[in-house]
Amino acid sequence: MNQKIIKIKLRKLISDKLITRKAIQLIEAKISQLSKPQRNSGLMVELDFISVKFISRSFTDEIYNLERDLLKSKVKLVFINMDKEVKNMFKIVSKHRLEPEVKRPKLKIKAKNLKSLAYQF
Amino acid sequence: MDIKLKFKKSDLIKPIILNLCDNVNLLSQLDKKIKNSIDLSELQWVSPLSVLPVSSLLFDLKNKDYDFSINKSISLNVKSYLRTIKFFEGVHSHSYFKSNKNYIPIVSLLNSPTTVQNRDQVLSSFLDILLRKIGCKRNLLNGLTYALSEIFDNIWEHSQTKHGWFLAQYYDRKNYADICFLDNGISIKGAYEKKKIKVANDIEAIQLALSGKSTKNKERGFGLRTTKNLITRSLLKGEFLILSGQGGYYSGKGNEEFFNLNCDWKGTIVLLRVNKTKRNINYTRYIE
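Below you will find a few notes about this structure. (Residues numbered from 1 in each chain as written. Chains lettered and ligands numbered in written order. Predicted model: local features only at pLDDT ≥ 70, side-chain atom pairs only at ≥ 80, totals over all residues.)

## Thoughts on the interface of chain A and chain B
Tallying the contact residues gives 36 residues for chain A and 43 residues for chain B. Contributions of two or more residues to the side of chain A that touches chain B are made by β2 (17-18), α2 (24-35), α3 (57-72), α4 (84-98) and β6 (112-113) of chain A. It is α4 of chain A that provides the largest number of residues to the side of chain A that touches chain B, a total of 6 residues. When its residues are assigned to classes, the side of chain A that touches chain B shows 15 nonpolar, 9 polar and 12 charged. In the sheet, β6 of chain A pairs with strand β8 (residues 255-275) of chain B via 2 bridges, with the strands oriented parallel. (Contact = placed C-beta atoms within 7 Å. Helix = DSSP H or I, 4+ residues; strand = E, 2+ residues; numbered from the N terminus. Nonpolar A, V, L, I, M, F, W, Y, C, P; charged D, E, K, R; others polar. Pairing = 2+ DSSP bridges.)

## What about the sheet that holds strand β5 (residues 76-80) of chain A?
All names here are of chain A. Strand order in the open sheet made by the 3 strands is β1-β3-β5, with parallel pairing throughout. Unpaired on one side and paired on the other, β1 (4-9) and β5 mark the two borders of the sheet. Direction aside, the axes of adjacent strands within the sheet are offset by 20° on average. In the sheet, β1 pairs with strand β3 (residues 43-48) via 6 bridges, with the strands oriented parallel. Looking at the pairing, Ile6 lines up with Val45 of β3. (Axes fitted to C-alpha atoms, helices over the stretch in contact; angles between N-to-C directions.)

Shown next, in the form of structure tokens:
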């Protein structure tokens, strides 16, 4: 069976900086639009990062969530033309997703009223 | 009802917060049933932290059909500047941004599925202009982009606000930029309570957020902490302020303080003061 490839240029679809989590909905909508009537195994989605200068941690996390969700429908997600910064963020987020949650101690804070704070800032 | 808002000219952040609280309390006294007058004559110098909260409150009052007029008995310079930064309703698109200016005007973005694409583009344009002014090298540019992105995204992810706001000003002679983000949403405490995470008060909520506790899952919750560390602990030597509900936190110049406000800000305000620098900073050190 011929594999259908959907190509999405992220710079054109969103911006040269991929920032908010909700921006992932634009990719989802594009995939839905381009994959009709076929959205099942045999479909591959190629996310092109050409001219993308920055990707936030939040957006990267959402890309991984998207990848996971697409895999359930046996749709493969691939990434091309990622620059060093983008690759680095993917590495950071990927590593952290595998680590166990760290419980941080709760500090007892004695907060003063702002007016009575001696420290001037 | 006549009220006179307070604006103190100061390079320090604390006096501006005190005035902010005074103004929040004053504006809460306006009566919807009568004609109100708001006096801005004390406004001699505009800073994002002093003006953006007032803008958002006036916008909100207008949308709730409060009848008020603004008495702008202020200097021509200040009047002109307020007009330039689109006080008080702001702009909704980056087409109003000018790359040769030292400011980004007041931006008010609707929190709606229809504005998702616009938001990333607006922040991207904002970053391009402002960070060039600060004189960053590429690595630092990406570091600040990371920091500002996380703060910006928190507005849409957690606050449940109708509008997200921001305003930025670069001060040539002082060599720093003030970047202020704001929402009129449910506050950090409210966001935790919505997810059935118990917090005693706004201070504890801010502390929890700064420690990385997310309302959603473990990959979240890093934005505030890493942003704060990048801004204040790196060679940027900047200042970080967060106000939410009746609580606040400041970090900078080697100090940090949690404090109670004498007002209730319905939502969250973040101010970043970023110094101009030609240094190259490895921002990934601050990303956990």
